[in-house]
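# Descriptive structure summary
Chain by chain, the residues run as shown.
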Amino acid sequence: MPLRWTLIALVLVLAAPVAVARQKIGNQVGYVGIHPIPKSEGGGICYIEGPHVHIYAANKLEYRTHGDDHVFVGDPVAYGWDGPKYAYKGPHPIHVDVVVGGEPDVEYCYLEGPHYHNFAPPEGPSFKLVGGAYFYVGDPPRAFLDARPTYVGINETYRPLVYVRPVIEVDAPVGWIGARVEVLRPVVVAPSVHIGIEIGAPAVIVVPHGKYKHRKYKRHY
């Protein structure tokens, strides 16, 4: 009996650190591949290429989920990346599995101007290398167009950043996605409208040219 209780106590002692470790991991965020480090955490670049965790969250515009991890799809040069870099112009798909491994997965970069990634696109007719930059000339899939309103705001995030962007002085090849009408069409977010009538209270009615008219609703019996 004493030996049995000794073994049980030993198991409990060994299990305690495991439970704590699991609790800590539960509060962390999974990443895969290189990515920027937030300024609040010191800034710079995390150079770990395989799956790893951090205690800070990944923002929606620059990351996509790949399995249980987040993969960076923005321009790493904007944050100090000094490794291999490849110039692109305009939005394009990213074959995430080719970049970081794992199950087949295609995401999309919505940066509209010249920018860098730390990877080249897969070989094939969908990309053309002209003047040292990659141009996507494939047909934009429905998934790309549907998700554009969600992610196109990344351009506003990068516009004020000061860093050396690629200089692309050649004309875009025929079929470039940046010249497609369906891609250039502005994203319009319809304002939310709430309609309600309170009897006896003034109501605001929108009329042409942005003028407002007040009207009193009366109770009818």
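Residues numbered from 1 in each chain as written. Predicted model: local features only at pLDDT ≥ 70, side-chain atom pairs only at ≥ 80, totals over all residues. Heavy atoms only, no water.

## Some thoughts on the side chain of H54
To keep things clear, this is the line we draw: For the purposes of this entry, the term helix denotes a DSSP run of H or I that reaches at least four residues, the term strand denotes a run of E that reaches at least two, and both are numbered from the N terminus. Under this definition, polar contacts are N or O atom pairs within 3.5 Å; protein pairs additionally need one hydrogen-donor-capable and one acceptor-capable atom, and for neighbouring residues in sequence, both atoms have to be side-chain atoms. Contacts between residues were defined by any pair of non-hydrogen atoms, one from each residue, lying within 4.5 Å.
Turning to its location among the elements, H54 is positioned in strand β4 (residues 51-54). Among the polar contacts listed, one links the side chain of H54 to the side chain of H52, at a separation of 3.3 Å. With sequence-adjacent residues up to four places away left out, H54 is seen in contact with Q28, V29, Y31, H35 and C46.

## Considerations on the pairing of strand β5 (residues 63-66)
Quick reminder of the rule: Strands were regarded as paired on the criterion that DSSP finds at least two bridges between them.
In this structure, β5 lies alongside strand β6 (residues 69-72), joined through 4 bridges in antiparallel fashion. From the neighbouring strand, T65 faces β6, where its bridge partner is H70. In this structure, the hairpin formed by β5 and β6 is closed by a connection of 2 residues, where G67 is found at a positive phi of approximately 70°.

## Some thoughts on the confidence of the model for the protein chain
What counts here: What pLDDT reports is the predictor's confidence in each residue, on a scale of 0 through 100.
The predicted model of the protein chain averages 81 in pLDDT, with 73% of residues at 70 or higher. Throughout residues 192-221 the model reports pLDDT below 50, and contacts reaching past four residues in sequence, or to other chains, amount to 22 contacts.

## Thoughts on the sheet that holds strand β7 (residues 86-89)
Sheets are built from strands paired through backbone hydrogen bonds, the pairs being either parallel or antiparallel. Quick note on the threshold: With axes taken as lines fitted to C-alpha atoms, and helix axes fitted only over the stretch in contact, angles between N-to-C directions fall between 0 and 180 degrees.
Read across the open sheet, the 4 strands follow the order β10-β7-β12-β11; overall the sheet is mixed. Two strands close off the open sheet at either side, each with one partner strand: β10 (114-117) and β11 (127-130). Sheet twist, expressed as the average angle between the axes of neighbouring strands with direction ignored, equals 35°.

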